[in-house]
Amino acid sequence: MKRPVIASLLVLGLIGGSVVASAADKRSPAPAELAYGTDRLQKVDVWPGTVRGAPLVVFVHGGGWKRGDKSMMKGSAKLSHWQGLGYAVASVNYRLVPDATVEQQAQDVADAVALLKRDAKRLGYDAERLVLVGHSAGAHLVALVGTDPTYLRKAGLSYRDIDGVLPLDGAAYDVPAQMDENARLMGETYKQAFGTDPERQKALSPTVHSAAPNAPDFLILHVQRRDGTEQSRQLGAALRKAGTSAKVQGFEGRGLKGHAEINRKLGEADYPATTVVDAWLAARFAN
């Protein structure tokens, strides 16, 4: 049975700014770096929670599948806010295109989760309370791991090992549709990541994999980009049709500026998505 959420930390963290600062003061000044594979990029940073047995938020960075780094978490509003709520936080690196395939990237995410669960007792967080969060390309990867059980299965896990998936402003949930929709701006990036084989593109599409089994709960957030909005809504609808809990919610912000802001501002007290994510995390970790 999963342990109840640390209610006092959550309540005080949500409504008491001074208490959040006090909790944040206890956070580790530097993360532990763990290796889940032999490649230099197969590593994950872990910041402990404020108490032993804290839930774990696992974040997967974006960057068009070909750039980005786990160090983007350091100094972010997300990190300080989640630490202030008492959570442990992990930031995952994965191998990048073109040296690796998107299939390998999804497997990297699953393998990182397996390592994090194995090391939970040593690092002091609760292996039974874990969610996946990803932005942009990372949103696609966590959604893919959350809908296609192949990756977790290969890592020795199942959907019983994940409490929920939170994609932030992804737009490649239906890869063939996305390549047609946004070919002018991102066509070469998508072609490099997903190739030209329609069957491979479908195999890498979370919406195509939305039939059960899936991770138990999804919160799919987006800003006001036409492709991201439509793809988020379609993924949510497909998941709900399959009997999977999935909420889709949009926020202000347009174009690449809005796309970056939902990642950069998440955790700031006055950013609207922060309270939505807080409530979802609290509910997932209370189960």
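Residues numbered from 1 in each chain as written. Predicted model: local features only at pLDDT ≥ 70, side-chain atom pairs only at ≥ 80, totals over all residues. Heavy atoms only, no water.

## Some points on the pairing of strand β2 (residues 43-47)
Consecutive side chains of a regular strand alternate in pointing toward one face of the sheet and then the other.
Next up, step 1: In terms of residue burial, β2 counts as a mostly covered element, since 4 of its 5 residues are buried.
Next up, step 2: Bridge analysis of strand β1 (residues 32-35) against β2 gives 4 bridges, and the strand direction is antiparallel. The residue of β2 that forms the bridge with Ala 35 is Lys 43.
Next up, step 3: As defined by bridge partners, β2 adjoins strand β4 (residues 88-92) across 4 bridges and the pair is classed as antiparallel. Bridge pairing in β4 links Val 44 to Val 92. (Buried < 20%, exposed > 50% of the residue type's maximum accessible area, 1.4 Å probe, protein only. Helix = DSSP H or I, 4+ residues; strand = E, 2+ residues; numbered from the N terminus. Pairing = 2+ DSSP bridges.)

## Overview of the packing of aromatic side chains
Next up, step 1: Applying the stated criterion across every chain, the model contains 4 aromatic pairs.
Next up, step 2: Ring geometry for Tyr 87 against Phe 285: centres 5.1 Å apart, planes inclined by 70 degrees, an arrangement best described as edge-to-face. Here the residue Tyr 87 occupies a position in the loop between α3 (77-84) and β4, and Phe 285 occupies one in helix α13 (residues 272-286), the gap between them amounting to 198 residues.
Next up, step 3: A relative accessible area of 2% means that Tyr 87 is categorised as buried.
Next up, step 4: In this structure Phe 285 comes out as buried when scored by relative accessible area, which is 0%.
Next up, step 5: One residue, Lys 78, lies across the ring of Phe 59, its end atom 4.9 Å from the ring centre. (Phe/Tyr/Trp six-rings, centres within 6.5 Å; stacked < 30°, edge-to-face > 60°. Lys NZ or Arg CZ within 6 Å of the ring centre and 35° of its normal.)

## A closer look at the nonpolar core
Next up, step 1: One finds Trp 65, Leu 116 and Phe 194 to be the most contacted residues of the largest nonpolar core, which totals 58 residues.
Next up, step 2: Considering every element that reaches this core, the biggest residue donor is helix α4 (residues 102-118), with 9 residues.
Next up, step 3: If we ignore the near neighbours within four places in the chain, the residues touching Phe 194 are Trp 65, Val 102, His 140, Ala 172, Val 175, Met 179, Arg 200, Gln 201 and Leu 204.
Next up, step 4: Residues Leu 168, Leu 221, Phe 251 and Leu 281 belong to the second largest nonpolar core, which totals 27 residues. (Core = buried A, V, L, I, M, F, W, Y, C linked by side-chain atoms within 4.5 Å. Contact = heavy atoms within 4.5 Å.)

## A word on the pattern of salt bridges
Where charged atoms from two side chains of opposite charge come close, those side chains can pair.
Next up, step 1: Tallied over the full model, the rule gives 13 salt bridges.
Next up, step 2: Lys 43 is the partner of Glu 33 in a salt bridge, and the nearest nitrogen-oxygen pair spans 3.9 Å. With Glu 33 in strand β1 and Lys 43 in strand β2, this residue pair connects regions lying 10 residues apart in the sequence.
Next up, step 3: A residue is classified by how much of its surface remains accessible, and Lys 43, at 27% relative accessible area, is partly exposed.
Next up, step 4: Here the residues in one salt-bridge network are Glu 33, Lys 43, Asp 45 and Lys 70, joined through shared partners. (Salt bridge = Lys/Arg side-chain N within 4 Å of Asp/Glu carboxyl O.)

## Examining the packing of α4 against helix α6 (residues 137-147)
Next up, step 1: Two numbers describe how α4 lies on α6: the axes approach to 9 Å, and their chain directions differ by 75 degrees. Accordingly, the angle class assigned to the pair α4 and α6 is roughly perpendicular. Between α4 and α6, the contacting residues are Val 102, Gln 105, Ala 106 and Val 109 on the first element and His 140, Leu 141, Leu 144 and Val 145 on the second.
Next up, step 2: Here the contact of α4 with α6 is built from residues that sort into 6 nonpolar, 2 polar and no charged. (Axes fitted to C-alpha atoms, helices over the stretch in contact; angles between N-to-C directions. Parallel < 35°, antiparallel > 145°, perpendicular 65-115°, else oblique. Nonpolar A, V, L, I, M, F, W, Y, C, P; charged D, E, K, R; others polar.)

## A few points about the side chain of Thr 244
Next up, step 1: Within the secondary structure, Thr 244 is located in the loop between α11 (226-241) and β8 (245-250).
Next up, step 2: The class of Thr 244 is buried, set by a relative accessible area of 10%.
Next up, step 3: Side-chain polar atoms of Thr 244 contact the side chain of Asn 214, separated by 3.0 Å.
Next up, step 4: Residues contacting Thr 244, with those up to four places away along its chain left out, are Asn 214, Ala 215, Pro 216, Phe 218 and Leu 239. (Polar contact = N/O pair within 3.5 Å; in protein donor to acceptor, adjacent residues only side chain to side chain.)

## Comments concerning the sheet that holds β8
Next up, step 1: Strand order in the open sheet formed by 8 strands is β1-β2-β4-β3-β5-β6-β7-β8, with mixed pairing between adjacent strands. The sheet is open, and its two borders are formed by β1 and β8, each paired with just one other strand. Direction aside, neighbouring strands of the sheet carry axes that sit 20 degrees apart on average.
Next up, step 2: As paired elements, strand β5 (residues 125-135) and strand β6 (residues 164-168) share 5 bridges and run parallel to each other. Bridging from a neighbouring strand, Val 133 pairs with Leu 166 of β6.

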